[in-house]
Amino acid sequence: TAKCQSFEDMAVSLKSERNNLTSKVSQLASENERVRDDLTSIVASKEEEISSCWSKIARIESEFMETKKTLESKTAALQHLNVQLSESQSIICEKEEMILALELDLDKISSQASAQLSEIDELRSWRSIAEETMANQGNELATLRSAVAKK
């Protein structure tokens, strides 16, 4: 019968379509599995990269902390040196003031010594005059004694 034949043809057609769809589903499942494997591989690779990045970040943070500690230590040492430098500069200023005061005292002493040398020269001159006068008076006295002794 034609109707049966038509149903049989339709059944064959549906079976063929079902086989085609089953084949397509199988292909899609296979492709889906391949894509899942690729994505899993990509995710694993990215997770490794992320883990590597975190390790690098941890290393950089550690290096940064060490550098920060070193910098803080050097800064403290520099501040200590600045304090010592300031104290040294203060001492130098005090010593320079003392030197200036000593130079002024030395100038005064030098001036006084110069005046005293002038006085000594003047006194020597007077002594020389006095010695000469005494020698002359001694000669005159001797002459007078001689004259008195002759009389």
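Counting restarts for each chain, with residues numbered from 1 along the sequence as it is written. Totals for whole chains, interfaces and linings use every residue, but because this is a predicted model, local features are given only for residues with pLDDT of at least 70 and side-chain atom pairs only at 80 or more, for both listing and counting. Water and hydrogen atoms were dropped before computing side-chain values, which therefore reflect all heavy atoms in the structure.

Student: I'm lost on the overall build of the protein chain in this one. Help?
Tutor: A count of helical and extended segments in the protein chain gives 1 helix and 0 strands. Accessible area of the protein chain: about 13900 Å², with a carbon and sulfur share of 59%. Averaging the coordinates of the 19 positive side-chain charges in the protein chain and doing the same for the 27 negative ones gives two points 3 Å apart. Strands here mean DSSP runs of E at least two residues long; helices mean DSSP runs of H or I at least four residues long; both are numbered from the N terminus. Only the protein chains shown count as cover for residues, and the accessible areas themselves come from Shrake-Rupley with a 1.4 Å probe. The positive count covers Lys and Arg only, the negative count covers Asp and Glu only, and His and the chain ends enter neither. Positions of charges follow a simple convention, taking NZ of Lys, CZ of Arg, CG of Asp or CD of Glu.

Student: Explain the environment of Arg-127 to me, please; I cannot follow it from the model alone.
Tutor: As for its placement among the helices and strands, Arg-127 is situated in helix α1 (residues 2-150). Arg-127 sits in the exposed class, given a relative accessible area of 55%. Along the primary structure Arg-127 and Glu-17 are separated by 110 residues, whereas in three dimensions their C-alpha atoms are 156 Å apart. We call a residue buried when its accessible area falls under 20% of the maximum for its residue type, exposed when it is over 50%, and partly exposed in between, using a 1.4 Å probe and counting protein chains only.

Student: So what exactly am I meant to see when it comes to the environment of Ala-77 here?
Tutor: Position of Ala-77 among the secondary structure elements: in helix α1. Of the residues examined, Ala-77 reaches a relative accessible area of 39% and is grouped as partly exposed.

Student: Sorry, what's going on with the pattern of salt bridges here?
Tutor: It is possible for side chains bearing opposite charge to pair when their charged atoms get close. Any carboxyl oxygen of Asp or Glu that lies within 4 Å of a side-chain nitrogen of Lys or Arg is treated as forming a salt bridge with it. In the structure shown here, the tally under the stated rule is 5 salt bridges. Between Arg-36 and Glu-33 there is a salt bridge; the shortest N-O distance is 3.1 Å. Here Glu-33 and Arg-36 lie together in helix α1, a separation of 3 residues that amounts to about one turn. For Arg-36, a relative accessible area of 43% translates into the label partly exposed.

Student: Sorry if this is basic, but what is going on with a nonpolar patch on the surface here?
Tutor: What makes a patch is a set of residues exposed beyond 30% relative accessible area and free of salt bridges, joined within 9 Å when like-charged and within 5 Å when nonpolar (Val, Leu, Ile, Met, Phe, Trp, Tyr). Nonpolar side chains collect at one region of the surface, where Phe-7, Met-10 and Leu-14 lie side by side and expose about 330 Å² of accessible area between them. Structurally, the position occupied by Leu-14 is in helix α1.

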